[in-house]
Amino acid sequence: MRPDPAEDPFAPVTSGIGRWNAALQWGLLLLLSAILAGCLELAGIPAALLMGPMVAGAVVGMNGGSIRLPRPALLCGQALIGTMIAKTISPGILVTFFANSPLFFAIVAAVIAMSTLSGFVMSRLKILPGTTAIWGSSAGAATSMLVMADAYGADIRLVAFMQYLRVVFVAAAASLVARYWAEVDGAGPEIIWFGPIHLIPFLETAAVAIVGGFLGKWLRVPAGVFLLPFLLGSVLSVTGMLTIEIPEWLLAISYAMLGWNIGLGFTRPILAHARRALLPTIVSILVLMSFSGLLAFVLVKAVGIDPLTAYLATSPGGMDSIAIIAASSKVDVPFVMALQTARLLLVMAVGPSLARFVASKAAPPR
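Residues numbered from 1 in each chain as written. Predicted model: local features only at pLDDT ≥ 70, side-chain atom pairs only at ≥ 80, totals over all residues. Heavy atoms only, no water.

Q: Is there a simple way to think about the overall build of the protein chain in this case?
A: Within the protein chain one finds 16 helices and zero strands. Counting all 366 residues of the protein chain, 51% fall into the buried class. If you sum the accessible surface of the protein chain, you get close to 16900 Å²; carbon and sulfur atoms cover 69% of it. (Helix = DSSP H or I, 4+ residues; strand = E, 2+ residues; numbered from the N terminus. Buried < 20%, exposed > 50% of the residue type's maximum accessible area, 1.4 Å probe, protein only. Areas by Shrake-Rupley, 256 points an atom, 1.4 Å probe, with all protein chains shown as cover.)

Q: Whenever I open this one, the packing of helix 13 (residues 278-303) against helix 14 (residues 307-314) confuses me. Can you help?
A: How two helices sit against one another is set out by the angle between their axes and by the gap between those axes. The interhelical angle for the contact between helix 13 and helix 14, taken along N-to-C directions, is 135 degrees, at an axis separation of 8 Å. Between helix 13 and helix 14, the interaxial angle falls into the category oblique. Two packed elements cross with a definite hand, and for helix 13 against helix 14 that hand is right-handed. Touching Met-289, Ser-292, Gly-293, Leu-295, Ala-296, Leu-299 and Val-300 of helix 13 are Pro-307, Ala-310, Tyr-311 and Thr-314, all from helix 14. In terms of residue class, the contact of helix 13 with helix 14 is built from eight nonpolar, three polar and no charged. (Axes fitted to C-alpha atoms, helices over the stretch in contact; angles between N-to-C directions. Parallel < 35°, antiparallel > 145°, perpendicular 65-115°, else oblique. Left-handed = near helix turned anticlockwise from the far one by under 90°. Contact = heavy atoms within 4.5 Å. Nonpolar A, V, L, I, M, F, W, Y, C, P; charged D, E, K, R; others polar.)

Q: Looking at this model, I keep getting lost on the packing of helix 9 (residues 199-218) against helix 10 (residues 224-238). Mind explaining?
A: Helix 10 packs onto helix 9 with a crossing angle of 135 degrees between their chain directions and a minimal axis gap of 7 Å. Taken together, the axes of helix 9 and helix 10 lie oblique to each other. Between helix 9 and helix 10 lies a crossing of right-handed hand. Where helix 9 abuts helix 10, its residues Val-208, Ala-209, Gly-212, Gly-213, Gly-216 and Lys-217 lie against Gly-224, Val-225, Leu-228, Pro-229, Leu-232, Gly-233 and Leu-236. Across the contact of helix 9 with helix 10, the residue classes break down as seven nonpolar, five polar and one charged.

Q: Teacher, can you tell me more about the side chain of Ser-33 here?
A: Locating Ser-33 in the fold gives a position in helix 1 (residues 22-42). For Ser-33, a relative accessible area of 5% corresponds to the buried category.

Q: Help me out: how do you make sense of helix 10 in this one?
A: Since the α-helix packs 3.6 residues into each turn, any two residues three or four apart lie on the same face. Between the first and last C-alpha of helix 10 there are 20 Å, a value that for 15 residues agrees with the 21 Å anticipated at 1.5 Å per step. The element helix 10 is largely enclosed, with a buried count of 11 among its 15 residues. Among the residues of helix 10, those classed as buried are Gly-224, Val-225, Phe-226, Leu-227, Leu-228, Pro-229, Phe-230, Gly-233, Ser-234, Leu-236 and Ser-237. Immediately downstream of helix 10, the backbone of Gly-240 shows phi near 80 degrees, a positive value. (Expected span 1.5 Å × (residues − 1).)

Q: Hey, could you run me through the packing of aromatic side chains in this one?
A: Two aromatic rings are characterised by how far apart their centres lie and by the angle between their planes. For the structure shown, the criterion picks out three aromatic pairs. Taking the centre distance of 5.9 Å and the plane angle of 70 degrees together, the rings of Trp-26 and Trp-260 count as edge-to-face. With a gap of 234 residues between them, Trp-26 in helix 1 and Trp-260 in helix 11 (residues 248-263) connect regions that are remote in the sequence. Since its relative accessible area comes to 10%, Trp-260 is described here as buried. Seen in terms of ring centroids, Phe-161 and Phe-266 are 6.3 Å apart; in terms of plane orientation they differ by 75 degrees. Their pairing is edge-to-face. With a gap of 105 residues between them, Phe-161 in helix 8 (residues 156-181) and Phe-266 in the loop between helix 11 and helix 12 (268-273) connect regions that are remote in the sequence. Residue class for Phe-161 comes out buried when judged on its relative accessible area of 3%. Relative accessible area serves as the criterion here: at 8%, Phe-266 is assigned to the buried category. (Phe/Tyr/Trp six-rings, centres within 6.5 Å; stacked < 30°, edge-to-face > 60°.)

Q: Teacher, can you tell me more about the side chain of Glu-245 here?
A: Within the fold, Glu-245 resides in the loop between helix 10 and helix 11. Despite its burial, Glu-245 remains without a salt bridge, the nearest opposite charge being carried by Lys-87 at 7.1 Å. Engagement of the side chain of Glu-245 in a polar contact is seen with the backbone nitrogen of His-198, the distance being 2.8 Å. The residues touching Glu-245, leaving out its near neighbours within four places in the chain, are Pro-196, Ile-197, His-198, Pro-201, Phe-202 and Thr-205. (Lys, Arg positive; Asp, Glu negative; His and termini not counted. Salt bridge = Lys/Arg side-chain N within 4 Å of Asp/Glu carboxyl O. Polar contact = N/O pair within 3.5 Å; in protein donor to acceptor, adjacent residues only side chain to side chain.)

Q: What is the right way to look at the environment of Leu-232 in this model?
A: If you trace the backbone, Leu-232 turns up in helix 10. As for Leu-232 and Val-211, which are separated by 21 residues in sequence, their C-alpha atoms are 9.2 Å apart. Apart from residues no more than four positions distant in its own chain, Leu-232 is found in contact with Val-208 and Gly-212.

Q: What is the right way to look at the confidence of the model for the protein chain in this model?
A: In regions of low pLDDT, the predicted coordinates are not meant to be interpreted in detail. Averaged over every residue, the pLDDT of the protein chain is 79; the share at 70 or more is 81%. Mean pLDDT in the protein chain bottoms out at helix 7 (residues 142-151), which sits at 60, and peaks at helix 1, which reaches 92. Segment residues 1-7: pLDDT under 50, and one contact once partners within four positions in sequence are set aside and those in other chains are kept. (pLDDT = per-residue confidence, 0-100.)

Q: Explain the nonpolar core here, please?
A: It is characteristic of soluble globular proteins that their nonpolar side chains tend to be buried jointly. Ranked by internal contacts, the top residues of the largest apolar core, which has 82 residues, are Ile-85, Leu-299, Leu-312 and Met-337. Take this core: its biggest share by element is 13 residues, from helix 8. Setting aside residues no more than four positions away along its own chain, Met-337 makes contact with Ile-85, Ile-89, Phe-226, Phe-230, Met-319 and Ala-323. Counting 11 residues, the second largest nonpolar core, distinct from the first, contains Leu-29, Met-257, Trp-260 and Leu-264. (Core = buried A, V, L, I, M, F, W, Y, C linked by side-chain atoms within 4.5 Å.)

This is the structure in structure tokens:
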């Protein structure tokens, strides 16, 4: 059943840009996205094709824009991105992962514990009502956390705000770190937007994206529309059964759709509702990001990988956006994806139960 618009956490208000015709709003969004992505590309920021549309979407959303990305389009984009990232996976990453699996899972568990502690503190200090802080601070699987939060009576508008604000912060920080700390030039080699397409590999790749995305949706796996094509494509690519081929223009559209979906979620109603919690939420996000940076330092010393790979691997949230940034940077993408996938799987396994347990402890005694 479709939720009432008045209870929709992303419901727009009919003011400002929202009064414009939908075609004009999309035109403005496309123009802003092109300008911002072009500027970021010239500045050498990795994942400019994600970050530009994300910022453009936020500008339109916060100024009353009423357009929303159709759900099927977003799911198609996520499935294509997952399949594209699968191209980077090699058998060697499995050796590295299993050889260091205790350390990896300890790091993932530490990120989840820190995010849960952050939510517990915010709840006990009554910064946020009820159990909202617990669900909003949970690291990863944002969609799953929104569903669980709604089922257990939390304020879903604040949970949505906290989850997607962290995605924006993590994506922006990772992109800036890649450019200015690791000195990765996001522009890279010249992109051939409309190069020749090898029909059979392209159709096989599209089939993997469609089948994997459908399975992820049907099985109701959190982030499954991204994760299942990634896992399926990885297996087929590593075994030599599939040559992954996706044209650059189609990837650019997929990146843009992901950015728009995040940016357009920041509407006036949700920002007004979250105004009191804005500063504490930002502080908690920065604390979690700093803690993840410390864990990245541990990875560098323990495993000997480069700092940027470790930073992206431990970044708390937005696996699909982190995957895009990693793919456009000079890092060990398989390593990043192995740790990000492990975090997602662990959150899926224990996140809801852990959030319910901590929420019960954070609730004031009656």
